[in-house]
Every structure is written in C-alpha cells, then in structure tokens.
Amino acid sequence: MSGVVQPDVTRSAASAVLAAVAVAGAPLVFFLPGWVGALFVAMLVARGLTLSRGMGLPPRWLLALVVTVPVGLLWLSLNTLVGREGGVALFLLLLGFKALETHTLRDWQVLLALGFFLAATPLLFDQSPLAALWLMLTIASLTVAMAQLAGFSLHGGARAAGRAMALGLPLALLLFLLVPRLPGPLWNLPRSDNSATTGLAEEMAPGSIGRLIPNRAPAFTVVFDGRTPPPSARYWRVRVLDAFDGRAWRYADRVTTRESAVTGGEPLDYWLTATPDKGRLPALDWPIALPQGVRAAPGSLYQMAVPANEAVRIRGRSAGGRVLHEALSPAQRAFYLALPPGNPRTLAEARQSRAAAVSDSTWLKASLDRFRLQWFRYTLEPPPLAGDIVDGFLFETRAGFCEHYAGSLAFLARAAGIPSRVVVGYQGGEYNEVGRFWQVRSSDAHAWAELWLAEEGGWVRVDPTAAVSPERIEAGAAPTLPAARPSLPVVGAAAPDWLRGLEQRWMAARFGWEQWVVGFDAERQRALFAGLGLGQGVGVASVLRGLLAGGALALLPLLWWAWRRRSQAPPLVRAWRRLRHKLAVAGIRVQDSDGPLEMRSRAKSLPDDDFRRVEALLKAYVALRYRSRDADPAAERAWCRAVARLRLVKMRA
C-alpha cells in the first residue's frame, strides 16, 4: 500500500487533519499515563513523515498484531479498558493506529470525524474555562482541516471555518439553553482510581491536614443568601472520625443516623458548588435540611444520593446553633468512650482533672484554658511524635497544628468519661469581591472536636485551635501561616498585589463559568424557562415554544449572511434578477437559467408596448454584457435605473 495520498487529497489537507487531531488529543496527556500520550504523538509524527517523504504504510495485518501490545500494557497499567481513563486511553491509541492506515479520501474523512469525538473527551476530566477555550481551538482546527479536505486552501478554509462557527454559534447556544437537562451531572463516568478530590485523607494522623496548608487549590465556592456568618461560625464538616487506634483517627462506620435537632442560632441558606469527594459534600455546621439529590450520612454529613464525580451545585441550609441534640444509646456511649492502650500520662491527667471539676462543662473550660495558658504553640512544623503520641504532644512538644489539638482534646474527653469525636473539613474562606462569592481552598482544611455533654444533652463543637491561635479562626490560614500565603512559583517570594488581583478576577471568571455553564442544571433551566415566560416546567410544549422563538432569532445571522452575499453581487447582476422578477410578477414564466434570447421569446406574450420596452432592455443588456470588452459604469447605471422604472401590465391567468 502506498503512503502517497490520492490525487483527491492534497498533502497539505492530510497534514492539516493530522495536526487537528493532535490538537484534539493534546490535553489528554495531563490525565492519562504518559506513555499513552507519547505513543499517540509518535504515531501521528510517523504518519506525517510518510506523507512528506512518500513512504509506504505498514501492512494492516502488521498493525493488527502490533496494536495488541499497547492495549495489553494499558490493561496492566489501569486494570481496565472501560470507564473514563481506560476508555479514553484505548480510544486515543486506536485513533493513532487508524492514522497509520489512512490512505483514501474516505479514510481521512473518517479520521477527521473521529477527531471531533476526541475533541470532547478532555471535558470528561476538566470543564474549566481553559478547557472550553481549548475545545474552541480544537473545533476550529478540525473545521479548517475539513474545509481543506473539501478543496479549500488554508486561507480559504480558515475563512470558511470562521464563518461556519460564527453562523452556528447562535444555534449551539439555543440548544444549550433549551435541550432538557438530566437531573444528575452530565459528565459522570466512574473513575478507575476512585480517588479523593478535596485532599482530605481518610484518616487523621499527625501531618495529614498540615500538608494541605501550602496548597491554595480551590476546594469549593459558597454564596450566602442574606446574612453571612462570621468566620468563627463558618465550619464546613466533611467527615466524622470516631475511632482512635493510638496513631490515627478514622471513621469506624459503626454508628447509624439518628434523629437530632439543633438549638440556638438562626437559619442560614447558601449555595455551594463543589466536586463530591467519594460522594461527600461540605455542610455548614449544623445542617438542618437536605439539598436535592443529597442524603444524610451519620454525623450530620451530606452524601450524594447518586455518585457524582464532577462539580455539583446544591442549596444548603444550616442552623448555626451550638448544640446538636442527639440521644446516645449505652452501646453508642461506650463506642464514643473507647480508647486504645497507651498514653498513661494523658489518661491520668484527664481522670484527675474530671474528678476536680463539678461538671463536664467546667472540665471542658479548664481543658481549653490549659491549651491557652500553658505555652502551646500553633505551627506547621511541629517536632515529630512517636510511641504515645498524645502524651508526647501534651507533655513534651506542645507544638502542633489543628489535628494535634483536635485529636488530643477528643482523647482527653474520652479519658475523662465524656463521649467525643473528631470532625475534619474546612473553616473560614476568602471573599472574592469581583465575583461576590466565598472561595474555600485546600489551605482552609481544618479539624476540630465534638463532645457530647450531658448537661447539654447533645454534641457541642469545640475547637481547641481557637484557644491556641484565635487569629487562625478569625483571619484564616493565609494571614496566620506564611506557608498558606500566595507566593510566586519557584522563587517563593510573596505575590504582588497586581498578581493577586489578577488571581481574583480569574477565580471570578471560573466561578461564573461553573455557575452558568457547567452548573446549568435542571433547576437553573426551570428558572430560565419561567423567567422567559415559557412555562413553569421543562416539557415538550415549553421546549417547542422556546425552539420556535429562539430559532427565529438564531436564524437572523444566517439571513443576514444570505442578504449580504446577495447584496455583494454586481449592480448589473442584481438589476438582471430584478428584471426577471418583474416578468414573473407580470405572469411570464422564466427560469433562472434563461438568457436574453429565452427571455425575449417568453416576453412575446406581453402587450405590445410592454414587449417593446423589455426587448429594448434585453438588447441593451446584451450590448453591455457581451459586446463590449470594457465595462461602462455610466451605461450600466442607466440600464439599472431603466429596469427599476419598468412597469408591466399583469397578464390574466
């Protein structure tokens, strides 16, 4: 088989197809195993070399044998050939092999069509504004290549592609707004690794949260309806850790959801946009209502009813109170008091201090005073702990991060006979004045304790970090910890104000994109339909009404383009069409292909005066169009005016 393209496919067109396919697959190198992207690029480059040098293509039986090797490696690498990573990687490899057997015009057209499918696959991994811009670039590249396959030059293909995209954009926007939305996320495929996205680990050991602080990656965004709670009330719970093994706190999955009620505080409504972490979503303390599509998980947590791996937007409601009233059975009480062997100094200290206190509340106050007054330090670089880590922290190092304080207080409470647990999530957030929303980052990760106080009859949130470093709770992580402040890459210097302002604007743009494009869900669509007067729901009738009304608007650019093309015709041609139209109105059947002679023959049925005027016009037209080599603008304008003045008697049918 020859590698030289057929005469009906130019090398430049074939090269354009290869380049467009490469552009389509370029973002995938960030999400797939490195060797998959490298092999894909190598196959495209190899096909480009065969084009430029006129080399032959490998036989298909050889390709069929070789393709089994990377497919087998892919299976060994991902343990699957389906799902998001496995399916996209397999498609990318097969498309590369398809390029190595592309020869005829039909082959190149098939490769180009596959490139359009490939262009959509990066959206399965990333739906940011940058991904959308790259998708536009990819579609433009593929459209230019399509035009070149149809015979256009590069310049002509670029113009045709730009015109086609501009004309199709209103229709694409209309379909985006009106096509009924699915109740769940659109891009929702299972992940092969089932990895977390928020960065919060499954267990809390010394260092598990502190490592997140230098990471300023966005975790989620919040918009409050009405009153915004102060920083000391912005605790976002994600996980409850209720079992301690002497080294780390983890969730034991031994407590079921029980009826509970919150006292104190005022209801707070908010919109939260976040990517679920294994189905878990942040919930402002204490949640009192379940958003649509969310179910309650033990520990007053939000859990997606249907697994979702992409960003979702929910409307949450919290009480902002201080006590979660929840009865404990004897078995639950024993579970929340369980401690592993070890840490004898802490056990003795807790039992002695509880015996001296008149109530759980007074013991708790004394314990927090101890953190506040006994030279405890808040630092991201605490001395290492080994063995009885709680004893080591409370009696030796006295330096640590939120996880040290939350874990040690929960241990102290259990040792004192008070049920306790640890909650991990986020605290605080940064207000974006450009987009008017709260941005919570990985650096806002936090841990605190919850104690079940008998005199309160429920769980009370207790944050020992606030006793040691109150500025961390009031001002956030960035002003308190140098590691959490924005800095320049590589050099590590503080980011200048203009760069921080630019970051604010970029985050605002990203927020708007997530809210109105990625987050344009069924609820937003219903609100849009109601606002446009199409109805209170999204149904067949409302969609048809929207398509009719929007379709008329979407056709305006197409009509303008057709009118503009028509108006760009020379005046003599436009006047000729006008003469033909006047004859048709008068009752003379004329064809678009009729020339002056055919027109004269058909016009003989007109009244004598009208026929003589038409005959004169036709003779003048022939003289202008065919008997003179040089154009006579004055004569052409006179002929056009004569056609405009022509009035014909309408003939009877």
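As a reminder, the structure under discussion sits directly above these lines.
On a predicted model such as this, the values are computed, not experimentally measured, just so you know.

Caption draft 1: Broad picture of the overall build of the protein chain. Per the secondary structure count, the protein chain includes 23 helices and 21 strands. Across its three principal axes, the protein chain shows a C-alpha extent of roughly 125 × 60 × 45 Å. By the burial criterion, 45% of the 653 residues in the protein chain qualify as buried. A sequence separation of at least 24 residues applies to 72% of the contacts in the protein chain between residues at least 6 apart. As presented, the protein chain carries roughly 32500 Å² of accessible surface, and 61% of it is formed by carbon and sulfur atoms. Between the mean site of the 74 positive side-chain charges and the mean site of the 51 negative ones, the protein chain shows a separation of 12 Å.

Caption draft 2: Representation of helix H1 (residues 11-25). Between the first and last C-alpha of H1 there are 21 Å, a value that for 15 residues agrees with the 21 Å anticipated at 1.5 Å per step. Considered for burial, the residues of H1 that qualify are Ala13, Ala14, Ala16, Val17, Leu18, Ala20, Val21, Ala24 and Gly25. Buried positions along H1 lie against helix H2 (34-53), helix H5 (83-99), helix H6 (105-120) and helix H7 (129-149).

Caption draft 3: Up close: the nonpolar core. If you look at the biggest cluster of nonpolar residues, it comprises 42 residues, and the most contacted ones within it are Trp363, Leu364, Phe371, Leu394, Val422 and Leu451. Mapped onto this core, the elements with two or more residues apiece are helix H10 (344-356), helix H11 (360-373), helix H12 (389-397), helix H13 (402-415), strand E17 (420-427), strand E20 (445-453), strand E21 (458-462) and helix H14 (464-468). When residues of this core are assigned to their parent elements, the largest contribution, 9 residues, is made by H13. Setting aside residues up to four positions removed in sequence, Trp363 forms contacts with Ala350, Ser353, Arg354, Ala357, Leu412, Ala413, Ala416, Ile418 and Leu451. Counting 34 residues, the second-largest nonpolar core is a separate cluster that includes Leu18, Leu44, Leu118 and Ala119.

Caption draft 4: Spatial organisation of the pairing of strand E11 (residues 294-297). The pairing of E11 with strand E12 (residues 301-304) spans 4 bridges and is antiparallel. Within E12, the position partnered with Ala296 by the bridge is Tyr302. Linking two consecutive strands that pair antiparallel, namely E11 and E12, is a turn of 3 residues; a positive phi of about 95° is found at Gly299 within it.

Scoring rules and cut-offs
Numbering of residues begins from 1 in every chain and follows the order in which that chain's sequence is written. Side-chain atom pairs in this predicted model are given and counted only at pLDDT of 80 or more, local residue features only at pLDDT of at least 70, and totals for whole chains, interfaces and linings cover all residues. Water and hydrogen atoms were dropped before computing side-chain values, which therefore reflect all heavy atoms in the structure. Secondary structure follows DSSP: runs of H or I at least 4 residues long count as helices, runs of E at least 2 residues long count as strands, and numbering of each begins at the N terminus. Each residue is assigned to one of three classes by its accessible area relative to the maximum for its type, calculated with a 1.4 Å probe on protein chains only: buried under 20%, partly exposed between the two thresholds, exposed over 50%. Residues are treated as being in contact if the distance between any of their heavy atoms lies within 4.5 Å. Note on areas: Shrake-Rupley with a 1.4 Å probe; residue coverage comes only from the protein chains shown. By the counting scheme adopted, Arg and Lys are positive, Glu and Asp are negative, and His together with the chain ends is not counted. Charged side chains are reduced to one point each, which is NZ for Lys, CZ for Arg, CG for Asp and CD for Glu. Working rule for helices: expected span equals 1.5 Å times residues minus one. As used in this record, nonpolar core signifies buried Ala, Val, Leu, Ile, Met, Phe, Trp, Tyr and Cys residues forming a set joined through side-chain atoms within 4.5 Å. For two strands to count as paired, DSSP must find a minimum of two bridges between them.

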